[in-house]
Amino acid sequence: MAAVSLRLGDLVWGKLGRYPPWPGKIVNPPKDLKKPRGKKCFFVKFFGTEDHAWIKVEQLKPYHAHKEEMIKINKGKRFQQAVDAVEEFLRRAKGKDQTSSHNSADDKNRRNSSEERSRPNSGDEKRKLSLSEGKVKKNMGEGKKRVSSGSSERGSKSPLKRAQEQSPRKRGRPPKDEKVEDEEESRELKDLTIPESSTVKGVMAGPMAAFKWQPTVSEPVKDADPHFHHFLLSQTEKPAVCYQAITKKLKICEEETGSTSIQAADSTAVNGSITPTDKKIGFLGLGLMGSGIVSNLLKMGHTVTVWNRTAEKEGARLGRTPAEVVSTCDITFACVSDPKAAKDLVLGPSGVLQGIRPGKCYVDMSTVDADTVTELAQVIVSRGGRFLEAPVSGNQQLSNDGMLVILAAGDRGLYEDCSSCFQAMGKTSFFLGEVGNAAKMMLIVNMVQGSFMATIAEGLTLAQVTGQSQQTLLDILNQGQLASIFLDQKCQNILQGNFKPDFYLKYIQKDLRLAIALGDAVNHPTPMAAAANEVYKRAKALDQSDNDMSAVYRAYIH
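Residues numbered from 1 in each chain as written. Predicted model: local features only at pLDDT ≥ 70, side-chain atom pairs only at ≥ 80, totals over all residues. Heavy atoms only, no water.

As named in an unreviewed UniProt entry, the protein chain is Cytokine-like nuclear factor N-PAC, taken from Enhydra lutris kenyoni. What UniProt states about the protein chain under its Sequence similarities (unreviewed entry) heading is, verbatim, "Belongs to the HIBADH-related family. NP60 subfamily." In its Subunit (unreviewed entry) section, the UniProt record describing the protein chain reads: "Homotetramere. Interacts with MAPK14. Interacts with KDM1B at nucleosomes; this interaction stimulates H3K4me1 and H3K4me2 demethylation. Binds to mononucleosomes. Interacts with GATA4; the interaction is required for a synergistic activation of GATA4 target genes transcription." (UniProt positions renumbered as here; feature names shortened; annotations may be inferred.)

Printed below as a string of structure tokens:
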């Protein structure tokens, strides 16, 4: 979006990362929320949700000038609710102006009428008025003394209050300064928003309590739009469990299971004010995910040394071997393709294990099975090292945008030491307890995602063979409960025949295979995942391994 001239109180369209433009209003931020360093930005409160964030000025457009354009390209139910909220806000503001104008006219008429009735209309009355004026002049000295003695009392009153006391009493609204008007407009905006979700109730405790958007009485409680969870200003929350290293950066919630889930604060709102760790960071593996992760670490001021089998990363130092990177860095991250690659990286020639000494830290971000990650943890710890598993949920675009979801388990202290790194690379992180838990959770997440993708492909091909429009099917799905960025992007890939990899098909098939094995290990049936796995295997046989997972569609048309 092009830069425009904006000011406090303006209605705007705000765009954040890869998410669609959303209507909002430029408002004053909470006093305890610092403005991010760097490019000029405004604090925007969004209509139709309880979300708000710092948005760069080039990502803002005036509301009225671009309304028709935005309505054409965004059709979701939540989006329409947000637009309706803006229009309702404008109607109320217009109605208030008309009421104020009408009251002012009535007041003027009443004053004129009163003056007509009190105007002198005879010589006697004129003489009485002259005598009264004489008495006033005679008592001027006393009046001055009274003013002097009362000056200290009036000095404690605001200029606005003195002006009200000295002017005739009006039945209409008293005059206000700009700050009062902004506060009143802010209250109106709060009245128009969808009620806050349970997530926000926890987030907005403490310092933000006076700033949260109040629910309306007439509307049922609804969840916040999942597309905007990353706007939440959770860095201002007082954590339920306090850990010094991450008090201001993480949102911590105890779960009934006994494990602790820790969610990182909004990276988009906070990234500008991240204080990078002074520890030396290493990174092994610059594939689809690793390259974006390293870019965001560098962007946020971390010192990074990288190693990759085929290429180097601009702006980062280059290590000759994994062992060299580990030996020269305090914390080394790794993100590789599968269990074999993860083991070879640690146990192979010049591997990670050869660089491990007491105190050295290793964080494996690969999606592997629990047995593999447990074995790696044991050998790292046996050399005096510290280990954390931290697989990530997302794709190449989310990696580039710093919006990954990080699932961590293992050394809790190391997790805390990685807080600035996790904030740079992701929007949310969870700590899931002992080693192996994150691997299991990641496989379950990808099992659901892979099965859903296969179902999408199946539905589109069934629509085609029965003479139905695939585009119409997508439009219908986008208006229903299944609407999501994932659904829309993958369907667009299929409709356009564009299978450039955002998440390799061969890797989602690998994750399905590992998830099925996880179910077998605990005697739990996974028939849906097994069926999806067979479709992906057929797609691989059709030479689709290095295409995006949406290329599973081709397994249905060949």
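A few words now on the environment of F43. Among the secondary structure elements, F43 is positioned in strand 3 (residues 41-46). Taking the relative accessible area as the measure of exposure, F43 reaches 1% and is therefore buried. Measuring from C-alpha to C-alpha, the distance between F43 and V27 comes to 5.9 Å, with 16 residues separating the pair along the chain. (Helix = DSSP H or I, 4+ residues; strand = E, 2+ residues; numbered from the N terminus. Buried < 20%, exposed > 50% of the residue type's maximum accessible area, 1.4 Å probe, protein only.)

Let's shift gears to the confidence of the model for the protein chain. Residues at a pLDDT of 70 or more form 65% of the protein chain, whose mean pLDDT is 75. Confidence over residues 135-272 falls short of pLDDT 50; this stretch has 221 contacts with residues more than four positions distant or in other chains. (pLDDT = per-residue confidence, 0-100. Contact = heavy atoms within 4.5 Å.)

Our next topic: helix 13 (residues 370-382). Its 13 residues place the ends of helix 13 18 Å apart at the C-alpha level, agreeing with the 18 Å of an ideal helix rising 1.5 Å per residue. By the burial criterion, the buried members of helix 13 are A370, T372, V373, L376, A377 and I380. The arc that holds every buried residue of helix 13, seen down its axis, measures 160 degrees, which confines them to one face. Facing away from the buried surface of helix 13 by more than 90 degrees, the exposed residues are D371, Q378 and S382. On the buried face of helix 13, the contacting elements are helix 11 (339-347), helix 12 (352-355), strand 12 (361-364), strand 13 (386-389) and helix 17 (437-465). With a side-chain oxygen positioned 3.3 Å from the backbone nitrogen of D371, the residue opening helix 13 is D369. Backbone geometry just downstream of helix 13 places G384 in the positive-phi region, at approximately 90 degrees. (Expected span 1.5 Å × (residues − 1). Arc of directions from axis to C-beta. Polar contact = N/O pair within 3.5 Å; in protein donor to acceptor, adjacent residues only side chain to side chain.)

Take the side chain of T372 next. Tracing the sequence through the fold places T372 in helix 13. In this structure the side chain of T372 is engaged in a polar contact, spanning 2.8 Å, whose partner is the side chain of D369. Those residues in contact with T372, other than ones at most four positions away along the chain, are P339 and K343.

This part takes up the pattern of salt bridges. In total, this model carries 14 salt bridges according to the counting rule given. Put simply, K67 and E87 hold a salt bridge, and the shortest N to O gap is 3.1 Å. Residue K67 is found in helix 1 (residues 63-73), and its partner E87 is found in helix 2 (residues 77-118); the two are separated by 20 residues along the sequence. A salt bridge links K490 to D548; the nearest nitrogen and oxygen atoms lie 2.9 Å apart. With a gap of 58 residues between them, K490 in helix 19 (residues 485-496) and D548 in the loop between helix 21 (527-541) and helix 22 (554-557) connect regions that are remote in the sequence. (Salt bridge = Lys/Arg side-chain N within 4 Å of Asp/Glu carboxyl O.)

Moving on: the sheet that holds strand 4 (residues 52-56). Taken together, the five strands give an open sheet; going across it, the order is 4-3-2-1-5, and neighbouring strands pair in antiparallel fashion. Looking at strand neighbours, the two that pair on one side only are strand 4 and strand 5 (60-62), the edges of this open sheet. Strand-to-strand twist across the sheet, computed as the mean angle between neighbouring axes with direction ignored, equals 45 degrees. Along the sheet, helix 1 contacts strand 1 (11-14), strand 2 (22-26) and strand 5; its crossing angle with strand 5, the most-contacted strand, is approximately 100 degrees. (Pairing = 2+ DSSP bridges. Axes fitted to C-alpha atoms, helices over the stretch in contact; angles between N-to-C directions.)

Turning to the packing of helix 20 (residues 505-521) against helix 21, a few remarks are in order. One can describe the packing of helix 20 onto helix 21 by two numbers: an axis separation of 9 Å at closest approach and a directional angle of 145 degrees. Of the two elements, helix 20 crosses helix 21, and the hand of that crossing is left-handed. For the pair helix 20 and helix 21, the contacting residues are L505, I508, Q509, L512, R513 and I516 in the first and A529, A530, A532, N533, Y536, K537, A539 and K540 in the second. (Left-handed = near helix turned anticlockwise from the far one by under 90°.)

Once that is clear, we can look at the packing of helix 17 against helix 20. Where helix 17 meets helix 20, the axes come as close as 8 Å, and the angle between the chain directions of the two elements is 120 degrees. In terms of orientation, helix 17 lies oblique with respect to helix 20. The handedness of the crossing between helix 17 and helix 20 comes out as left-handed. Of helix 20, the residues touching helix 17 (which contributes K440, L443, I444, N446, M447, Q449, G450 and S451) are I508, D511, L512, L514, A515 and L518. (Parallel < 35°, antiparallel > 145°, perpendicular 65-115°, else oblique.)

Our focus in this paragraph is helix 20. Taking 1.5 Å of rise per residue, the 17 residues of helix 20 would be expected to cover 24 Å, and the 25 Å separating its terminal C-alpha atoms lies within 8% of that figure. The set of residues buried in helix 20 consists of L505, I508, Q509, K510, D511, L512, L514, A515, I516 and G519. Of the surrounding elements, those touching the buried residues of helix 20 are helix 11, helix 17 and helix 21. Downstream of helix 20 by a residue or two, N523 has a phi angle that is positive, lying close to 55 degrees.

The residue A517 is located in helix 20 in this model. Expressed as a C-alpha distance, the spacing of A517 and D369, which sit 148 residues apart in the sequence, is 9.0 Å.

Ranked by size, the top nonpolar core spans 34 residues in total, and within it F283, L297, F333, V363, M365, F422 and M425 carry the most contacts. Contributions of two or more residues to this core are made by strand 8 (281-284), helix 9 (288-299), strand 9 (304-307), strand 11 (331-334), strand 12, strand 15 (404-410), helix 15 (412-417) and helix 16 (419-425). Judged by nonpolar contacts, the second largest core, of 30 residues, contains L505, I508, L512 and A551. (Core = buried A, V, L, I, M, F, W, Y, C linked by side-chain atoms within 4.5 Å.)

On to unusual backbone geometry. Although it is not a glycine, N523 sits at a positive phi angle of roughly 55 degrees. Looking at N523, the relative accessible area reads 72%, which means it is exposed. Of note in this structure, D543 is not a glycine but carries a positive phi near 65 degrees. Structurally, D543 is set in the loop between helix 21 and helix 22. On the basis of relative accessible area, D543 is assigned to the exposed category, the value being 68%.

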